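So you can see what is in the structure, the chains are spelled out below.
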Amino acid sequence: MFGQPADGEVISLKDGRDHLIGSAIYNSKSQIVARRISRRKQGLDLDFFERRIAQAIDYRVRRKFNPRLSRLVWSESDGLPGVIIDRYGEHIVLQTSTLAMDQRKELIVSALQNVCGTGDVSGEAATPLGPTDERRVLRSAEQPPPIRSIFERNDAIVRRAEGMELQTGLLWGELPNELEIDVAGLKLSIDLRHSQKTGFYLDQLPNYEPVATHARGRRVLDCFTSQGAFALACARAGATEVIGVEVGAESIRAAEKNAAANQLAVRFIERDVFQFLRAAEKSGERFDLIILDPPSFTKTKSSLRDALRGYKELHVRAFNLLTPEGLLATFSCSHHVSAEIFETMIAEALVDARRSARRLRRFEQALDHPVLPTIPETEYFRGLLLEMMPGR
């Protein structure tokens, strides 16, 4: 890098022999000062965003993802550092967590309109897609309807590390107060303006049914239930009793509404999960299946030790509440908690709880959140399904 670029500019990266090694977005305020966007000379114009978004969607079409419900762009994994684009039917949620991308939101909005097609918000005919080869890939049988809104959910704390303010708002179109999505055979109402993350935990979509297959005839506890997806999937699969615990009143109301809409019996409790587990342990409660799906306990490496203390207490108490052959489905969504760290913590919790367990399977983030081996940070999600071993 040479000269004195302004924050948000595209810079050239060169090696010691003055050979170009790529183009990057620059921000002196960020912990990662330069993020490469190409191995060649590349500017951030409309054509760039159209090509990258179309390539990202093409990958998901080839992987046969639900074109109406998936992550369309996952940051560096799709060549757009700091950009997350999630699709919920006819509506798009956009996050821009790097300064350069945030400064170019209007270009990203235009690119999404051109690549996905736009339905007139008054209900008139959709505008045609553009003529480029990258756009033609969307004219397949899997093509979803044109989009009707693009909503900005830039309320993640990580933006402050880039020197940006938190903000949300409608960037284009009209967005209803609630949408209905299909998840694991369930009809769920979501609020894209206020629900956690971009509206729903899309990285968990492949995991609801595999966990729920173990719920029949069991007493189930779903911790950090959010909108109730795991709890409702387990109830639908034939659990004898399901309890969902969540500290947020809005999430509990959403979960109860989803239970009523699907005619499923789940008891939702508005309470801090740690407090609930302590009380349940003290009263001698037992469960056959416990699900731990907490929000990220750490956003920085410096807070990892404190986070692991929380994770460990959570798991010790869950192990103490499980029946002799009970099951634990547990997840972590922080890239600072590697698979090795996560599994070591679980092993230590088993020792402290004086329990033994078999690992039945591992869980990974959905493939519409692709992982790049060259960028470990693109892998942030992991999980395990454990079966307790009696009499050990």
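The sections below set out a description of the structure shown in this document. (Residues numbered from 1 in each chain as written. Predicted model: local features only at pLDDT ≥ 70, side-chain atom pairs only at ≥ 80, totals over all residues. Heavy atoms only, no water.)

**Side note on the overall build of the chain**
Okay, step 1: Across its full length, the chain carries 10 helices and 17 strands.
Okay, step 2: Relative to its length of 392 residues, the chain is compact, with a C-alpha radius of gyration of 22 Å against a globular reference of 21 Å.
Okay, step 3: Each principal axis of the C-alpha distribution contributes one length, and for the chain these read about 65 × 55 × 35 Å.
Okay, step 4: When burial is assessed residue by residue, the chain has 52% of its 392 residues classed as buried.
Okay, step 5: Of all intrachain contacts in the chain linking residues separated by at least 6 positions in sequence, the fraction that spans at least 24 positions is 61%.
Okay, step 6: Counting every atom, the chain has about 18,400 Å² of accessible surface; 48% of that belongs to carbon and sulfur.
Okay, step 7: Side chains of the chain carry 54 positive and 53 negative charges; the gap between the two charge centres is 4 Å. (Helix = DSSP H or I, 4+ residues; strand = E, 2+ residues; numbered from the N terminus. Rg over C-alpha atoms; globule rule 2.2 N^0.38 Å. Buried < 20%, exposed > 50% of the residue type's maximum accessible area, 1.4 Å probe, protein only. Contact = heavy atoms within 4.5 Å. Areas by Shrake-Rupley, 256 points an atom, 1.4 Å probe, with all protein chains shown as cover. Lys, Arg positive; Asp, Glu negative; His and termini not counted. Charge placed at Lys NZ, Arg CZ, Asp CG, Glu CD.)

**Topic: the packing of helix 9 (residues 304-321) against helix 10 (residues 339-353)**
Okay, step 1: The N-to-C vectors of helix 9 and helix 10 enclose an angle of 45°; their axes lie 8 Å apart at closest approach. Judged by the inter-axis angle, helix 9 sits oblique to helix 10. The handedness of the crossing between helix 9 and helix 10 comes out as right-handed. Between helix 9, through Leu304, Leu308, Tyr311, Lys312, His315, Val316, Phe319 and Asn320, and helix 10, the contact on the second element is made entirely by Ile341, Phe342, Met345, Ile346, Glu348, Ala349, Leu350, Asp352 and Ala353.
Okay, step 2: Its residues placed into classes, the contact of helix 9 with helix 10 shows 12 nonpolar, two polar and three charged. (Axes fitted to C-alpha atoms, helices over the stretch in contact; angles between N-to-C directions. Parallel < 35°, antiparallel > 145°, perpendicular 65-115°, else oblique. Left-handed = near helix turned anticlockwise from the far one by under 90°. Nonpolar A, V, L, I, M, F, W, Y, C, P; charged D, E, K, R; others polar.)

**Some details on the packing of aromatic side chains**
Okay, step 1: Evaluation of the coordinates by the stated rule reveals eight aromatic pairs.
Okay, step 2: Between the aromatic rings of Phe200 and Tyr208, the centroid separation amounts to 6.2 Å while the plane-to-plane angle is 45°, which identifies the pairing as tilted. There is no split in this pair, since Phe200 and Tyr208 are both buried.
Okay, step 3: Between Phe230 and Phe331, the ring centres sit 5.6 Å apart and the planes meet at 25°, which makes this aromatic pair stacked. With Phe230 in helix 6 (residues 229-236) and Phe331 in strand 15 (residues 322-332), this pair connects stretches of sequence that are 101 residues apart.
Okay, step 4: Look at Phe331 and you get buried, because its relative accessible area is 1%.
Okay, step 5: Pairwise contacts between aromatic rings join Trp74, Phe200, Tyr208, Phe230, Phe331, Phe363, Tyr380 and Phe381 into one cluster. (Phe/Tyr/Trp six-rings, centres within 6.5 Å; stacked < 30°, edge-to-face > 60°.)

**Structural notes on the pairing of strand 4 (residues 69-74)**
Okay, step 1: Within strand 4, six of the six residues are buried, which leaves the element mostly enclosed by the surrounding structure.
Okay, step 2: As paired strands, strand 4 and strand 5 (residues 83-88) are joined by five bridges and run antiparallel to one another. Looking at strand 5, one finds that Val73 is bridged to Ile85. (Pairing = 2+ DSSP bridges.)

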